[in-house]
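The residues making up each chain are set out below.
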Amino acid sequence: MSESTLRIGLVLPDVMGTYGDGGNALVLRQRARMRGLDAEIVPITLDDDVPDSLDVYTLGGAEDFAQRLATRHLTEHPGMQRAAEKGRPVLAICAAIQVLGNWYETAAGEKVDGIAMFDLTTSPGPARSIGELVTEPLVDGLTQPLSGFENHRGITTLGSGATPLAKVRHGVGNGTADKVEGVVQGSVIGTYMHGPLLARNPELADYLLEQATGTKLAPLDLPEIDQLRKERLAAAR
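Residues numbered from 1 in each chain as written. Predicted model: local features only at pLDDT ≥ 70, side-chain atom pairs only at ≥ 80, totals over all residues. Heavy atoms only, no water.

**Some remarks on the packing of aromatic side chains**
Inference 1: With the rule as written, the count across this model stands at 0 aromatic pairs.
Inference 2: A cation sits over an aromatic face here: Lys111 above Trp103, 4.2 Å from the ring centre. (Phe/Tyr/Trp six-rings, centres within 6.5 Å; stacked < 30°, edge-to-face > 60°. Lys NZ or Arg CZ within 6 Å of the ring centre and 35° of its normal.)

**Notes on unusual backbone geometry**
Inference 1: A cis geometry characterises the amide bond from Gly195 onward to Pro196, with omega recorded as -5 degrees.
Inference 2: You can see Pro196 is positioned in the loop between strand E12 (188-191) and helix H5 (197-200).
Inference 3: Of note, Leu12 is a non-glycine position whose phi angle comes to about 50 degrees, a positive value.
Inference 4: Structurally, Leu12 is set in the loop between strand E1 (6-11) and helix H1 (23-33).
Inference 5: Judged by its relative accessible area of 0%, Leu12 is buried.
Inference 6: The phi angle at Lys179 is positive, at roughly 55 degrees, despite the residue not being glycine. (Helix = DSSP H or I, 4+ residues; strand = E, 2+ residues; numbered from the N terminus. Buried < 20%, exposed > 50% of the residue type's maximum accessible area, 1.4 Å probe, protein only.)

**Examining the sheet that holds strand E2 (residues 39-44)**
Inference 1: Read across the open sheet, the 6 strands follow the order E2-E1-E3-E4-E12-E11; overall the sheet is mixed. Two strands lie at the open edges of the sheet, namely E2 and strand E11 (183-185), each paired on one side alone. Averaged over all neighbouring strand pairs, the angle between strand axes comes to 15 degrees, with direction disregarded.
Inference 2: Sheet topology places strand E4 (residues 90-93) next to E12; 4 bridges connect them, and they run parallel. Its bridge partner lying in E12, Val90 is registered against Val188.
Inference 3: Sitting on the sheet, H1 touches E1, E2, strand E3 (56-59) and E4, and the angle it makes with E2 is about 160 degrees. (Pairing = 2+ DSSP bridges. Axes fitted to C-alpha atoms, helices over the stretch in contact; angles between N-to-C directions. Contact = heavy atoms within 4.5 Å.)

**Quick look at the layout of surface pockets**
Once rolled over the atoms, a probe with the size of a water molecule shows which space is left empty.
Inference 1: Here the largest pocket is characterised by a volume of approximately 370 Å³.
Inference 2: Along its surface, the largest pocket is lined by 18 residues, and Arg31, Pro202, Glu203, Asp206 and Pro219 are the ones closest to its centre.
Inference 3: For the lining of the largest pocket, the element with the highest residue contribution is helix H6 (residues 202-213), accounting for 5 residues.
Inference 4: A breakdown of the residues in the lining of the largest pocket according to their chemical character gives 9 nonpolar, 2 polar and 7 charged.
Inference 5: What lines the second largest pocket is a set of 20 residues, among which Asp64, Gln67, Gln98, Arg128 and Arg153 lie closest to the centre.
Inference 6: Of all the secondary-structure elements, those providing two or more residues to the lining of the second largest pocket are helix H2 (64-76), helix H4 (95-99), strand E5 (103-105), strand E7 (120-137) and strand E8 (146-158). (1 Å grid on protein atoms, 1.4 Å probe; cavity = no way out; pocket = protein on both sides within 12 Å on 5 of 7 lines; lining within 4 Å. Points joined across faces, edges and corners; volume = space filled by probe spheres on them. Nonpolar A, V, L, I, M, F, W, Y, C, P; charged D, E, K, R; others polar.)

**Side note on the nonpolar core**
Inference 1: Of all hydrophobic cores here, the largest spans 63 residues; its most connected members are Met16, Leu74, Met80, Val90, Leu100 and Leu198.
Inference 2: With 6 residues, H6 is the largest single contributor of residues to this core.
Inference 3: Other than its neighbours up to four places away in sequence, Leu74 contacts Val11, Leu12, Val50, Leu59, Met80, Gln81, Val99 and Ile115. (Core = buried A, V, L, I, M, F, W, Y, C linked by side-chain atoms within 4.5 Å.)

**Describing the pairing of E12**
Inference 1: On E12, burial covers both faces: Val188 and Gly190 on one face and Ile189 and Thr191 on the other are all buried.
Inference 2: Taken together, the 3 bridges between E11 and E12 define a ladder with antiparallel strand orientation. When the bridges of E12 are listed, Gln185 appears paired with Val188.
Inference 3: Two successive antiparallel strands, E11 and E12, enclose a turn made up of 2 residues, where Gly186 displays a positive phi of approximately 65 degrees.

**Here we look at the environment of Gly190**
Inference 1: Considering the arrangement of structural elements, one finds Gly190 in strand E12.
Inference 2: Sequence-wise, Gly190 and Val172 are 18 residues apart; in three dimensions their C-alpha atoms are separated by 15 Å.
Inference 3: What Gly190 contacts, discounting residues up to four positions off in sequence, is Ala92, Ile97, Phe118, Leu165, Gly182 and Val183.

**So, helix H7 (residues 223-236)**
Inference 1: For H7, built from 14 residues, the straight-helix expectation of 20 Å at 1.5 Å per residue is met to within 8% by its first-to-last C-alpha distance of 20 Å.
Inference 2: All of the buried residues along H7 are Arg229, Leu233 and Ala236. Burial along H7 is one-sided: seen end-on, the buried residues are contained in an arc of 50 degrees. Of the exposed residues in H7, those oriented more than 90 degrees away from the buried face are Pro223, Glu224 and Lys230.
Inference 3: Here the buried face of H7 lies against E7, E8, strand E9 (166-170), H5 and H6. (Expected span 1.5 Å × (residues − 1). Arc of directions from axis to C-beta.)

**A few points about H2**
An α-helix turns once every 3.6 residues. As a result, residues three or four positions apart point the same way.
Inference 1: Given a rise of 1.5 Å per residue, 13 residues ought to cover 18 Å, and the 19 Å separating the end C-alpha atoms of H2 matches this to within 8%.
Inference 2: Where H2 is buried, its residues contact E1, E3, helix H3 (79-85), H4, E5 and strand E6 (111-113).

Nothing here speaks to function; it is geometry throughout.
And the structure:
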């Protein structure tokens, strides 16, 4: 692996990969390679330290017990936290939002401390939110609707240090009265959208790649991706 290789961290796929969210790392790698950039995925399991030297990090969804394992490991091996402090982009999906928050409450009613990369808390809601989720992004540089599939029971409340990723157009999102979805804090983005998210939202994928590389990327002409987006947005309607 050369020094110019884009290194994509796939964080704890052995416990935080329940819903196929590892596909986000694959999308980042492929979209980089299609532009002639050398890119590799670096899997980081419970057997590994978490390096702070990668260019971008991705985490996926999980169940309660797996969240505990992930929280403990990331607390003991805070390389991703150090990388985020240096401005490296991090993408956290579904349960990963909760792990990266101040605390989350399990289905059994127990509060578990998170790793505090997000100023937020999460408690179980009265019913599970399942279905298509469509939102309007609130982040500079993102102009296209974001879509994904949500499957969670969490009600996530943002603190003053965090801002929402998007405004909900269809679906539940964070489950709060302000009808927002996801979270942004520094270079770290969290969302409840599966799909995988970046396969359905290429603009967001390129946004993360540009943060990781520090360069403006040329657009890709991929009609099949445009068709996928049209189908998923139509499914929500």
